[in-house]
Amino acid sequence: MTLAIVSPPAAPGRARRPWLRFALPLLALSVLIGAIGAVGYRYLGDEIRRETHRTLAVIAEQKRQHIEDWLHKAQVDAELHFSGHSQLETLFGRWLDGGRQDGGALARMQELLREAAAARGWAGVALVDADGEQAFAVGDADGRAHIAAIRDVLRTPRVVLVDLYLNAQGEARYGVLAPVGRSGAAPRGVAYLTWRADETLFPMVEAWPVPTRSAETYLVRRDGAGVRFLTPLRHQQDAALVLTLPLGDTRVPAVWAAQGESGILAGGRDYRGVPVLAYAAAVGGTPWLMLAEIDEREAYAGIRTMSWATALVMALGLLLVYSAGYLLWRRDLQRQELAALHAQRAAEARFRVVFEQAPLGVVLLDSRSGRITEANQRFADIVGRCPAALAGLSPLALTHPDDIEKSKTQLARLTAGEIAGYSLIKRYLRPDGSVVWVSLSFAPVRVETEQAPRHLGMVEDITARKEMEERLRISEARHRQLADEAAAANAAKSEFLAHMSHEIRTPMNAVLGLAQVLARDALSDNQRDMVGRIRSAGQSLLTILNDVLDLSKIEAGQLRIEPCAFDLAALLANLDSLMGLEAHRKGLVLRVQMPSPPLGPLRGDGLRLEQVLFNLVGNAIKFTERGEVALKVSVPEADAERLRLRFEVRDTGIGIAPEAIGRLFAPFSQADADIGRRFGGTGLGLSICKRLVELMGGTIGVDSQPGIGSTFWFELPLQRAAEGESPAFGETRPAAPAGPRLQGAHVLVVDDSAMNRDLVERALALEGATATLAADGQQALQLLKTRPEGFDAVLMDVQMPVMDGLSAMRAIRLEPGLAGLPLIAFTAGVNDAQQAAARDAGADDVLAKPMDLDEMAVLLARWIGPEVARTSAARSSSGMQLPPVYAVETAATEDGAGTGANADADADAFPVIPGIDHGRAAQRLGRDRAMFIGLLEFFIEDNADAAEQARRELAAGEREAAARRMHTLRSNAGFICAMELMEEAGALEKAIEQGEPGVDARLAALGERIAALIEASAPWR
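Since this is a predicted model, take the numbers as computed values, not measurements. One numbering rule holds for all chains: residues counted from 1, following each sequence as written. In keeping with the model being predicted, local features are shown solely for residues with a pLDDT of at least 70 and side-chain atom pairs are shown and tallied solely at 80 or more, while totals for entire chains, interfaces and linings include all residues. Based on all heavy atoms of the structure, the side-chain values leave hydrogens and waters out of the count.

Within the protein chain, the regular secondary structure consists of 31 helices and 28 strands. Burial here depends on accessible area, computed with a 1.4 Å probe over protein chains only, as a share of the maximum for the residue type. Under 20% is buried, over 50% is exposed, and the range in between is partly exposed. Counting only residues that meet the buried cut, the protein chain has 43% of its 1021 residues in that class. For the protein chain, restricting intrachain contacts to residue pairs at least 6 apart in sequence, the fraction spanning at least 24 positions comes to 61%. Only the protein chains shown count as cover for residues, with accessible areas throughout obtained via the Shrake-Rupley method and a probe of 1.4 Å. Carbon and sulfur atoms form 55% of the exposed surface of the protein chain, whose accessible area is close to 52000 Å². What counts as a helix is a DSSP run of H or I of at least four residues, what counts as a strand is a run of E of at least two, and both are numbered from the N terminus. Every residue pair with non-hydrogen atoms within 4.5 Å of one another is taken to be in contact.

This is the structure we're talking about:
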């Protein structure tokens, strides 16, 4: 180290001292010498390092090559002796072919092997036949210890190295396995050649070509999570195949080599913790790694010598300069040594603290005497003695008499090396006679300063846990008794409910029976349709009641499957009609896909099948917030008499977690507790579905992914109905109301679509109400201000020009005389956000488009009420002037003139037009052909050029107007049940609002779809 000494500045006015003449030259010389010394030291130091690295590399590579050559020679010797047409191979084959009775051949083979072993330095040779049985052995060799490797050589003939191992006598051995037989043919056996490692391999590895104090070479291999030292070490001769360091010890070069590093490895510490310079190389054809190491102190001794020489030369000229630096260096070195000593003492103190304060009992046993050498306070507390009294005591003296035998057996096996450790639950006896239950584990540990290993025991007091287990056993017995009692009570309950099901169904069956009798009388079409709707509604209500009672009947064994003929198409149409409306209310699409070609009448329990389908489709709608619900029916198997149907109900809902699927079909179970709070339900539906499907001979299951959706499926075996057997199920249609429910009411209808206004007006007329029509919110507001008492309710569309529905409703609520007037938001958009916006604006309720006549009548009747309707009727009869209304002619008169409607079936047939859902339109409009054709004409008048108009509005930058036009088109398409057109209009509305690309092309396609619909409807207009 070179230090520059700077003299303090002289005091002002003070004369220059004489020694200052030497200070500057000395300083300059010091800097010059220091620079020369630094450059020379750096250059020579690098040369010494490179030379040391080269020496290590040469020695390691020479030894690696020597070992590889030796192993190769050993393998070649093995091949020459045991393969091809060697004498040993011929004798061994002849001996085996002779049934192993040829004593001469055996003796000759043994003689040849002894000669080869003596000549080649083999410790022993063992021959194993093709069955893996050892035929005979010469010298110290036992092939049975390597049977797995031998069988591998028999399967794939080749010479294989047997890695280093310790035999039963603790001697290091290794060898090779060579197939016995001719090349290309199946081996007749395997020869196992073994060498004593201390006579062959170890001398090759340990030899160092030049004198050295610390250098050594050794072999290691990766062994699981550690690195095993394979050869004796210079500083630890007994380390061969015994010493193992964990891979986590990242300071050791052997660990680096095991992790794939090779070449010069600097900056590490060896197994002693001494800094070393190492070189690593892999020995080809083996798992061994050759390492050459030398202590850094010896490796860089030349550097130190050079540095001392340089320092000495510099010290001779600049003794005063370096003396201070030397003293500082010595002081710092002392501080480091003192810190290391303190760290060692702190580590020992930490170990002692851990040992003494461990939460478990820790005890050390002498492996030879089996007595306690040391125990911590926790162990003393467990056995009720002080630590000093435990020293020299046998743990068996503390053990309960009933546990002594098994403790003695395990400890003896551990001492003998038969087991690597053991765990045991036993009892200790304290001096006061109390019993302590403990869980203990013993394993051997080796202390570096001791030759014999000790046994380390970890002891945990589990007395409290044992007492709790006993209490739990008693509690479980009591619970089983209570469970048996509860099961008996539940069986009695189920039997009672099963009997009561008959009494509950009787009134409902009476209703259905009377409706069926009434249907046989002479009725008008309208009346017959209403009777059919009564029957369908009754069937649905009966199904709901059955959901409550069926589980109890199933559990009581009283539910019977009643096969009869049914029409699957009619059943699915009924499901589509009833559940489609429920799906639409949530903004969903319900798709029903029938098998093709039609199946015709089937025989099975159609009522139970419909019950299962309604439950699964209803669940899918309930747990789906957006997207669609699809029911697909397929035919996996079919013949002339029987077929197997597969029903799949797919949704895009919340999905089900995998851990919840297992309990999904259990009674009163749902996917999780939050489901009941969010969606309601008792958890019985899926359990009933499962049992019904199984009663019908089918299977049911579910595939689901959380956040993506679920697919519930079931398969049923059914029969084809006999020829002439008429379906007994699936012929009824949904029920309709029994008469006008809004007689005398007066409703203000506000909608920008003339078609919508006409439809609502006709529907209100069918229910006995009159309507005043307005095209926007401003007109409606003016009518209401002019005649605040003239209306019983307002049906208000949300999206309209001039003044939209939300603004109009807010304005109406601000008028004092209109605060209590029922406002019904009438819109095609009914998701949660839109409903909340309508209610915030003042709407009392929301009615979804496309309109359901019965739903509209029920909703208006609920808000208007019979008293208000009668008041309106009285107001009309008393001569009060009402606003102008557009009267609507109904299809049937009070005297039943409509009964002649069947005179011409073709003229009165409900239109079938491609692109329009015929069944849904007929059900929704009560098969009123005139109303449908009127709606169709209004649709064409208002929407024929809707797509082109929207394109022009987008070109002019009027995005809001184009989106509103698509909204109106979606609503109008829904009224005539053009469902695909309605979905496309809704998708385009959203795309326009969000500014998505490609809208122009989609509008062009929409225009073509509208034109096709207009052309297809021409024959009906």
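Read on, since the account is not over.
Here we take up empty space enclosed by the protein. One way to see where empty space is left: roll a probe the size of a water molecule over the atoms. Here a cavity denotes a set of grid points, spaced 1 Å apart and computed over the protein atoms alone, in which a 1.4 Å probe fits but from which it cannot get out, and a pocket denotes an open set meeting protein on both sides within 12 Å along at least five of seven lines; residues with an atom within 4 Å of a point are reported as lining. Grid points are joined across faces, edges and corners, and a volume is the space filled by probe spheres set on the points. Tallied over the full model, the rule gives 1 cavity of 30 Å³ or more. Looking at the lining of the largest cavity, the elements with two or more residues in it are α12 (404–416), β14 (422–429) and β15 (435–445). Gly is put with the polar residues, along with every residue not named as nonpolar or charged; the nonpolar set is Ala, Val, Leu, Ile, Met, Phe, Trp, Tyr, Cys and Pro, and the charged set is Asp, Glu, Lys and Arg. Grouping the amino acids of the lining of the largest cavity by side-chain chemistry returns 8 nonpolar, 1 polar and 1 charged.

Burial along strand β19 (residues 601–604) is one-sided: the residues Leu602 and Gly604 are buried and none of Pro601 and Arg603 is. In terms of strand pairing, β19 meets strand β23 (residues 709–720) through 2 bridges, oriented antiparallel. Looking at β23, one finds that arginine 603 is bridged to glutamine 719. A pair of strands is considered paired only if DSSP assigns at least 2 bridges between the two.

Glancing now at the sheet that holds strand β10 (residues 275–282). The sheet built from 6 strands is open, its strands ordered β8-β7-β6-β11-β10-β9 with antiparallel pairing. Looking along the sheet, the strands with just one partner apiece sit at the ends: β8 (244–246) and β9 (263–269). On average, each strand axis in the sheet is inclined to that of its neighbour by 30 degrees, with strand direction left out of account. Sheet topology note: the strand β6 (residues 216–223)/strand β11 (residues 289–295) ladder contains 5 bridges and is antiparallel. Directly across from valine 220, in β11, lies its bridge partner leucine 289. Axis geometry follows a simple rule: fit a line to the C-alpha atoms, using only the stretch in contact for helices, then measure angles between N-to-C directions, giving values from 0 to 180 degrees.

Below, the discussion takes up the sheet that holds strand β26 (residues 793–797). Within the open sheet, the 5 strands sit side by side as β25-β24-β26-β27-β28. Their pairing is parallel. The open sheet is flanked by β25 (770–774) and β28 (845–848), the only strands paired with a single partner. Each adjacent strand pair in this sheet contributes to an overall mean axis angle of 25 degrees, direction not counted. In terms of strand pairing, strand β24 (residues 746–750) meets β25 through 5 bridges, oriented parallel. Across the sheet, residue valine 747 finds its bridge partner in β25, namely alanine 771. Contacts from helix α21 (residues 777–786) reach β24, β25 and β26 within the one sheet, and its direction differs from that of β24 by about 155 degrees. Strand contacts of helix α22 (residues 805–814): β26 and β27 (823–827), with the helix running at about 150 degrees to β26, the strand carrying the most contacts.

Once that is clear, we can look at the environment of phenylalanine 938. Mapped onto the secondary structure, phenylalanine 938 falls in helix α27 (residues 929–943). In this structure phenylalanine 938 comes out as partly exposed when scored by relative accessible area, which is 23%. For phenylalanine 938, the contacting residues outside a window of four places in its chain are Ala754, Met755 and Asp758.

Counting through the fold element by element, arginine 813 comes out in helix α22. Looking at arginine 813, the relative accessible area reads 22%, which means it is partly exposed. Among the polar contacts made by the side chain of arginine 813, one reaches the main-chain carbonyl oxygen of leucine 821 at a distance of 2.9 Å. Polar contacts, as used here, are pairs of N or O atoms within 3.5 Å; protein pairs need one atom able to donate a hydrogen and one able to accept it. Residues neighboring in sequence count only if both atoms are side-chain atoms.

Further remarks concern the packing of helix α2 (residues 87–97) against helix α3 (residues 103–120). The contact between α2 and α3 brings their axes to 9 Å, and the two run at 150 degrees. In terms of axis orientation, α2 runs roughly antiparallel to α3. Considering the relative orientation of α2 and α3, their crossing is left-handed. Every residue of α3 that contacts α2 at Gln87, Leu88, Leu91, Phe92, Arg94 and Trp95 is listed here: Ala105, Leu106, Arg108, Met109, Leu112 and Leu113. Among the residues forming the contact of α2 with α3, the class breakdown is 9 nonpolar, 1 polar and 2 charged. For classification, angles of less than 35 degrees are called roughly parallel, those exceeding 145 degrees roughly antiparallel, those between 65 and 115 degrees roughly perpendicular, and all remaining angles oblique. Helix crossings are classified by the rotation of the near helix relative to the far one: an anticlockwise turn of less than a right angle makes the crossing left-handed, while a clockwise turn makes it right-handed.

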